[in-house]
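Notes for the structure review
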Amino acid sequence: MRILHTSDWHLGRSFHRVPMLDAQAAYLDHLVQTVREQAVDVVVVSGDVYDRAVPPLSAVQLFDDALHRLAAAGVPTVMISGNHDSARRLGVGAGLIARAGIHLRTDPGDCATPVVLHDAHGDVAFYGLPYLEPALVKDTLGASKAGHEAVLTAAMERVRADLASRPAGTRSVVLAHAFVAGGEPSDSERDITVGGVAAVPAGVFDGVDYVALGHLHGCQTVTERVRYSGSPLAYSFSEHAHRKTMWLIDLGAGGDLAAERLDCPVPRPLARLRGRLGTLLEDPAAERHRESWVEATLTDPVRPDEPMARLLERFPHTLSLVLEPERAPEDPSASYAQRLKGRDDHQIAEDFVAHVRGGSGPSAQERTVLRAAFDDVRVDDAVDEVSR
């Protein structure tokens, strides 16, 4: 069976205030064309179809058009909701849509109810694990505790139990939206840390033939059978070195697997430039970035006059200007952003406690309280967003 694995479309998202809808439409054109040219048997979409729970109408229309075209091509599609999607909104009409070959899996309670497809070698069961917010699905799945590893383990126990009840030789594919240990994140994924832990071990998915992951935006191989497709478009400058692709997976009769990366269209390359303004404006080697979307980090000790206007003369598509003067980190004039760079919210809160106490940081018990507070706020935000 030939599987096209994609994820993290983030329909409706912009890139530094540049609308990406045309680029997203071009990608979906490419997806449908690839399905036809590569004789794909099934498309899997591993979450974050939309960029937010209540997407703009233009994004919904683009999604609707893509579903109609995939259905018209006669190729089944299996998709799950991600942490950016509203599972309940995305899943509306799932029963009816399934009759057209579009299978939406958004309910955690249905994770062990597969979409069963057939090829010349028998059945392939596709299990959809939508994004599992631990605090919200713990009881539904009977997990031991409210953590990412616990809820995914509980979900996979259900999957393996269902798979064991099926005819011998049934092959299996799991779609999941999660941060799996060994994956490399970028700046554009929303934080899903719970209790200080975001990643789960790849071993949670043992026992299935292929795991089609979503959430991380870089295409990557965690193990031979556990892979991220990554986002089809770049959504932050931290992705400037990404090669945006989809996985073309050939699943053989005995579960043997062959994987090939297929490139996605690039609307405009990304460039991260760093140095003093005069150097960036005069360096001949930088000319190749003239048509790129540019993030320029200026290291001039003193802020230059009109830096953005001058950058735009040479690099018309400059989108981001960062000022990082050449100063020692301990210099009191170093910017607040520089001092906080690379630190998460919990670490910043601990630093604040140490600051107001004159150097004494929080105790172990206080760290636990802080962690629980951050977890509660994140869950409340997730619930509020979905309920709108």
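Residues numbered from 1 in each chain as written. Predicted model: local features only at pLDDT ≥ 70, side-chain atom pairs only at ≥ 80, totals over all residues. Heavy atoms only, no water.

An unreviewed UniProt entry annotates the protein as Nuclease SbcCD subunit D of Streptomyces argenteolus. Its UniProt record gives the protein a comment under Function (unreviewed entry), which states: "SbcCD cleaves DNA hairpin structures. These structures can inhibit DNA replication and are intermediates in certain DNA recombination reactions. The complex acts as a 3'->5' double strand exonuclease that can open hairpins. It also has a 5' single-strand endonuclease activity." Here the protein is described in UniProt, under the heading Subunit (unreviewed entry), as follows: "Heterodimer of SbcC and SbcD." (UniProt positions renumbered as here; feature names shortened; annotations may be inferred.)

**Considering the state of the cysteines**
Across all of its chains, the model carries 0 disulfides by this definition. Lacking any disulfide linkage, Cys-219 is separated from the closest cysteine sulfur, that of Cys-264, by 8.6 Å. Accessibility expressed as a relative area gives 17% for Cys-219, which makes it buried. (Disulfide = S-S within 2.5 Å. Buried < 20%, exposed > 50% of the residue type's maximum accessible area, 1.4 Å probe, protein only.)

**Some remarks on the pattern of salt bridges**
Considering all chains together, one arrives at 15 salt bridges under this definition. A salt bridge links Glu-324 to Arg-274; its shortest N-O distance comes to 3.0 Å. One end of the pair, Glu-324, is in the loop between β19 (318–323) and α9 (336–340); the other, Arg-274, is in strand β17 (residues 270–275), and 50 residues separate them in sequence. Glu-324 gets classed as buried once you look at its relative accessible area, which sits at 15%. Residue Arg-274 is classed as exposed on the basis of its relative accessible area of 54%. (Salt bridge = Lys/Arg side-chain N within 4 Å of Asp/Glu carboxyl O. Helix = DSSP H or I, 4+ residues; strand = E, 2+ residues; numbered from the N terminus.)

**Focus on the UniProt feature "domain: Calcineurin-like phosphoesterase" (unreviewed entry) in the protein**
The sites that carry the UniProt feature "domain: Calcineurin-like phosphoesterase" (unreviewed entry) are, in the present numbering, residues 1–218. Taken as a whole, residues 1–218 contains 31% helix and 23% strand, while its terminal C-alpha atoms sit 25 Å from one another.

**Overview of the pairing of β19**
Side-chain direction in a regular strand flips from residue to residue, so the side chains alternate between the two faces of the sheet. As paired strands, strand β18 (residues 293–298) and β19 are joined by 5 bridges and run parallel to one another. By the bridge assignment for β19, Ala-296 is matched with Leu-321. Taken together, β18, helix α8 (residues 307–314) and β19 constitute a β-α-β crossover, and its handedness is right-handed. (Pairing = 2+ DSSP bridges. Right-handed = clockwise from strand over helix to strand, strands pointing away.)

**Regarding the sheet that holds β18**
Ordered by their spatial adjacency, 3 strands build an open sheet running β17-β18-β19, and the pairing between neighbours is parallel. The sheet terminates laterally at β17 and β19, the two strands that pair on one side only. Each strand of the sheet is rotated relative to its neighbour by a mean of 15°, with strand direction disregarded. In terms of strand pairing, β17 meets β18 through 6 bridges, oriented parallel. Across the sheet, Leu-270 pairs through a bridge with Trp-293, a residue of β18. (Axes fitted to C-alpha atoms, helices over the stretch in contact; angles between N-to-C directions.)

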